[in-house]
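# Notes for the structure review
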Amino acid sequence: MKRFTCDELVESLTAYLEGALDQPAHEGVRAHLACCEGCGRYFEQFSATIGALGDQPQEKLPAGVRDRLMSAFRERHRP
């Protein structure tokens, strides 16, 4: 099992929540969260934020605005 510092844990939380860590790192995050009150609070806040904002529907631009943006992008990137 990998041991994490608080800074390392903060950097690894997204990967932890996405299931992207290998098993030793995953267990290391869990162990750190179990014994570090500050990181436990941070994890709860981070998870709550994702829960509240994570599934927001995409806003659609009005067709005219989208067309103007795409045109400006094309103009800017012409050779």
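Residues numbered from 1 in each chain as written. Predicted model: local features only at pLDDT ≥ 70, side-chain atom pairs only at ≥ 80, totals over all residues. Heavy atoms only, no water.

## A closer look at the packing of aromatic side chains
In the structure shown here, the tally under the stated rule is 2 aromatic pairs. Their ring planes at 70 degrees and their centres at 6.0 Å tell us that Tyr-16 and Phe-43 sit as a pair that is edge-to-face. Placement of Tyr-16 in helix H1 (residues 6–17) and of Phe-43 in helix H3 (residues 37–53) is noted, with a sequence separation of 27 residues between them. The ring of Phe-4 has Lys-2 sitting right over it, with the charged end atom 4.8 Å from the ring centre. (Phe/Tyr/Trp six-rings, centres within 6.5 Å; stacked < 30°, edge-to-face > 60°. Helix = DSSP H or I, 4+ residues; strand = E, 2+ residues; numbered from the N terminus. Lys NZ or Arg CZ within 6 Å of the ring centre and 35° of its normal.)

## A closer look at H1
With 12 residues, H1 should reach 16 Å at 1.5 Å per residue; the first-to-last C-alpha distance of 16 Å fits that figure. Every buried residue belonging to H1 is among Leu-9, Ser-12, Leu-13 and Tyr-16, and all of these are buried. With its buried residues spanning 150 degrees around the axis, H1 presents them on a single face. Exposed residues lying more than 90 degrees from the buried face of H1 are Asp-7 and Glu-11. The inward-facing, buried residues of H1 contact helix H2 (23–35) and H3. (Expected span 1.5 Å × (residues − 1). Buried < 20%, exposed > 50% of the residue type's maximum accessible area, 1.4 Å probe, protein only. Arc of directions from axis to C-beta. Contact = heavy atoms within 4.5 Å.)

## Some remarks on the confidence of the model for the protein chain
Atom-level detail of predicted coordinates should not be read off regions where pLDDT is low. Looking at the protein chain as a whole, its pLDDT mean stands at 91, while 99% of the residues score no less than 70. For the protein chain, per-element mean pLDDT is lowest for helix H4 (residues 63–76), which scores 88, and highest for H2, which scores 96. (pLDDT = per-residue confidence, 0-100.)

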